[in-house]
Amino acid sequence: MLNHQPLIYRPDQHHLPHGEINKATKKIIRKLTEAGYEAYLVGGAVRDLLLGLHPKDFDIATDATPEDVKKVFKGQCRLIGRRFRLAHIYMGNQVYEIATFRGDDSGDRVLKKGRIIRDNVYGSIEQDAIRRDFSCNALYYNIDSREVLDFVGGVEDLERGVLKLIGQADQRFIEDPVRMLRAVRFEAKLGLTLPTEMAHQITAHRHLLHQVPIARLFDETVKMFHCGNMMEAYQKLMDLDLFKILFPTAVDYLQDPNWHNLMMHAFSNTDQRLKQGLSVTPVFLTACVLWPPCIELYEKLRSQGKPPHDALHLAAGQVLSQQQKSLMIPRAIQNGIRQMWILQLRFKKMFGKGVYSTLHHPRFRAGYDFLLLRNEIDAQLNKQADFWTNIQNMPPENVKSLIFGKRKKRGINYRLAVHDAP
């Protein structure tokens, strides 16, 4: 519920680590305030800092309109968006998002069947707070006084470990169905409890996700994949019947214990990489999720006499084409998925010059990691997994001897395929 007079938490009450705020963010906020505008760090960055997490993005909210922001940051600002007009400030290699305080229902706001189509209504900080989705995202940080402004009880909800929606769940999910996916991601990422009533409302309104642009759905799926706790997010997505909206061609396969275990290993590995600060890519998990329908179709095409590479190319094309109806996967990511899958065939060839080209393939690491995942549920891949693990650490002369030597005399016959499928 909106408090027109916010609860103000002083530095000695909230202990937000001011030093972790990006220097460019502080510079942008100060430049806006020096120009006579209000400006605050807002949303996920404030939430994460209060929880002891380390945000990557620092969003700013201000009473300056996008056009005002552009005047303040001449040559550094670009205005984007029609649905939500925003200002992007470019500093170094980074882009910083500046949003104007959202207002009430009057003005340039268009709804279609309750869903927000366009929303460029500007207002006060109090109005902006109640227009946000969850109470934990409606917190404002003043970088000069170092105070947290809380209009909706978000700090208390964080302390209680509860994810609370601002307003009525049915209305807020109709306005923007993506909030249902965000609720699952925040529960998994932040460890906040999703109330039973909100879960019921998500189940009742999940069909509205079919109305969301599929490019936006893919962006939200990638955020889910890389939330750092995808194992828990996946279980919640399955419980709420949301996963089948995102991956309808794959969801039935994941009822099989083997494929379920493969996905658990994939999610766990990605979560661990994120915890270790290592790089991740949406190519890997998307390829893992869609592999079961791809390999089934591949085996069907092989039984019809198609050569292995032709069969895999055809299977990959059909599966990715079907998936495009639910999620708009960018072409570059599709190409990466295809390459990961094709490498599973190339890993079978453990002799000759082809080994070198496989080792130096740009997707080798992702393909190799996927091979190890597959080996977790298929012991027949032991020889391939061992070969590609060992060869990476061998001196060049040993590699040459291994792949061109007399394999049978050494007791190694890598030329023999383990089985027909990748």
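Structure first, text after, so check above.
Cut-off values and rules
Residues numbered from 1 in each chain as written. Predicted model: local features only at pLDDT ≥ 70, side-chain atom pairs only at ≥ 80, totals over all residues. Heavy atoms only, no water. Pairing = 2+ DSSP bridges. Helix = DSSP H or I, 4+ residues; strand = E, 2+ residues; numbered from the N terminus. Axes fitted to C-alpha atoms, helices over the stretch in contact; angles between N-to-C directions. Contact = heavy atoms within 4.5 Å. Phe/Tyr/Trp six-rings, centres within 6.5 Å; stacked < 30°, edge-to-face > 60°. Buried < 20%, exposed > 50% of the residue type's maximum accessible area, 1.4 Å probe, protein only. Patch = residues over 30% accessible without salt bridge, like charges linked within 9 Å, V, L, I, M, F, W, Y side chains within 5 Å. Areas by Shrake-Rupley, 256 points an atom, 1.4 Å probe, with all protein chains shown as cover. Salt bridge = Lys/Arg side-chain N within 4 Å of Asp/Glu carboxyl O. Lys, Arg positive; Asp, Glu negative; His and termini not counted. Charge placed at Lys NZ, Arg CZ, Asp CG, Glu CD. Parallel < 35°, antiparallel > 145°, perpendicular 65-115°, else oblique. Left-handed = near helix turned anticlockwise from the far one by under 90°. Arc of directions from axis to C-beta. 1 Å grid on protein atoms, 1.4 Å probe; cavity = no way out; pocket = protein on both sides within 12 Å on 5 of 7 lines; lining within 4 Å. Points joined across faces, edges and corners; volume = space filled by probe spheres on them. Nonpolar A, V, L, I, M, F, W, Y, C, P; charged D, E, K, R; others polar.

Colleague: Quick question: what am I supposed to make of the sheet that holds strand β2 (residues 39–42) here?
Modeller: Strands belonging to one sheet form pairs held by backbone hydrogen bonds; the direction of such a pair is parallel or antiparallel. The mixed open sheet is built from 8 strands, whose spatial order is β1-β10-β9-β2-β3-β6-β5-β4. The strands lining the two open edges of the sheet, one partner per strand, are β1 (7–9) and β4 (77–80). Strand-to-strand twist of the sheet, defined as the mean angle between neighbouring strand axes without regard to direction, takes the value 30°. Sheet topology places β2 next to strand β9 (residues 139–142); 2 bridges connect them, and they run antiparallel. Note on β9: the bridge partner recorded for valine 42 is tyrosine 140. Sitting on the sheet, helix α2 (residues 23–34) is in contact with β2, β3 (59–62), β5 (86–91) and β6 (94–100), with an inclination near 150° to β2.

Colleague: Explain the packing of aromatic side chains here, please?
Modeller: Each aromatic ring pair is described using two quantities: the centre-to-centre distance and the angle formed by the ring planes. With the rule as written, the count across this model stands at 18 aromatic pairs. Ring geometry for tyrosine 234 and phenylalanine 267: centres 5.1 Å apart, planes at 45°, overall tilted. On the criterion of sequence distance, the pair formed by tyrosine 234 in helix α11 (residues 230–239) and phenylalanine 267 in helix α13 (residues 257–275) is long-range, its members being 33 residues apart. For the pair shown, tyrosine 234 and phenylalanine 267 are each scored as buried. Look at phenylalanine 347 and phenylalanine 364: their rings are 5.9 Å apart centre to centre, the planes differ by 85°, and that puts the pair in the edge-to-face class. With a gap of 17 residues between them, phenylalanine 347 in the loop between α16 (331–346) and α17 (354–359) and phenylalanine 364 in helix α18 (residues 364–377) connect regions that are remote in the sequence. According to the relative accessible area criterion, phenylalanine 347 is buried, its value standing at 0%. Judged by relative accessible area, which is 6%, phenylalanine 364 ranks as buried.

Colleague: I would appreciate a short explanation of a positive patch on the surface in the present structure.
Modeller: Together, Lys27, Lys31, Lys71 and Lys74 make up a region of like positive charge exposed at the surface. By the secondary structure assignment, lysine 74 is in the loop between α4 (66–72) and β4. For lysine 74, a relative accessible area of 69% gives the class exposed.

Colleague: What should I look at first to understand the environment of glycine 44 in this one?
Modeller: Within the secondary structure layout, glycine 44 lies in helix α3 (residues 44–50). For glycine 44, a relative accessible area of 23% puts it in the partly exposed group. Taking the C-alpha atoms as reference, glycine 44 lies 49 Å from valine 399; in sequence the two are 355 residues apart.

Colleague: Is there a simple way to think about the packing of helix α14 (residues 282–303) against helix α15 (residues 308–323) in this case?
Modeller: Helix packing geometry: the angle between the two helix axes and the distance between the axes. Packing of α14 against α15 brings their axes to within 8 Å, and their N-to-C directions diverge by 135°. In terms of orientation, α14 and α15 fall into the oblique class. Where α14 crosses over α15, the two elements pack in a sense that is right-handed. Two secondary-structure elements touch here, α14 through Leu290, Pro293, Cys294, Leu297, Tyr298, Leu301 and Arg302 and α15 through Pro308, Ala311, Leu312, Leu314, Ala315, Ala316, Gln318, Val319, Leu320 and Gln323.

Colleague: How do you make sense of the pairing of β4 when you look at a structure like this?
Modeller: The two faces of a sheet get side chains in turn, since along a regular strand they alternate between them. Of the two faces of β4, only one is covered, namely that formed by Cys77 and Leu79; the face formed by Arg78 and Ile80 stays uncovered. Here β4 pairs with β5 via 4 bridges, running antiparallel. Within the sheet, the bridge partner assigned to leucine 79 lies in β5 and is alanine 87.

Colleague: Just checking my understanding: could you explain helix α20 (residues 396–404) for this structure?
Modeller: In an α-helix, one turn spans 3.6 residues; hence positions three or four apart end up facing the same way. All buried positions along α20 are accounted for by Val399, Leu402 and Ile403. One side of α20 carries all its buried residues, which in axial view fall inside an arc of 85°. Turned more than 90 degrees away from the buried face of α20, the exposed residues are Glu397 and Lys400.

Colleague: I tried to follow unusual backbone geometry on my own but got confused; where do I start?
Modeller: With the exception of glycine, the majority of residues adopt a negative phi angle, and the majority of peptide bonds are in the trans configuration. Notably, histidine 15 is not glycine yet its phi reads approximately 60°, a positive angle. The class of histidine 15 is exposed, set by a relative accessible area of 61%. Located in the positive-phi region is arginine 146, a residue other than glycine, with phi close to 60°. By secondary structure assignment, the location of arginine 146 is in the loop between β9 and β10 (147–150). Residue class for arginine 146 comes out partly exposed when judged on its relative accessible area of 40%.

Colleague: Help me understand the layout of surface pockets, please; the structure alone is not making it clear to me.
Modeller: Of the volumes computed, that of the second largest pocket is approximately 400 Å³. What lines the second largest pocket is a set of 19 residues, among which Asn269, Arg273, Ser279, Phe284 and Asp369 lie closest to the centre. Counting residues per element, the ones that place at least two in the lining of the second largest pocket are α13, α14 and α18. Considering every element that reaches the lining of the second largest pocket, the biggest residue donor is α18, with 6 residues. Taken together, the residues of the lining of the second largest pocket sort by class into 7 nonpolar, 7 polar and 5 charged.

Colleague: What should I look at first to understand the pattern of salt bridges in this one?
Modeller: Side chains bearing opposite charge may pair, as long as their charged atoms lie close to each other. Across all of its chains, the model carries 15 salt bridges by this definition. One salt bridge connects arginine 47 with aspartate 48, and the closest N-O pair in it is separated by 2.9 Å. Take arginine 47: its relative accessible area is 4%, and that puts it in the buried class. Put simply, aspartate 133 and arginine 182 hold a salt bridge, and the shortest N to O gap is 2.8 Å. A residue pair is termed long-range when its members are at least 10 positions apart, and aspartate 133 in the loop between α5 (125–131) and β9 and arginine 182 in helix α8 (residues 178–190) qualify at 49 residues. Look at aspartate 133 and you get buried, because its relative accessible area is 7%. Where salt bridges share partners, they join Arg47, Asp48 and Lys189 into one cluster.

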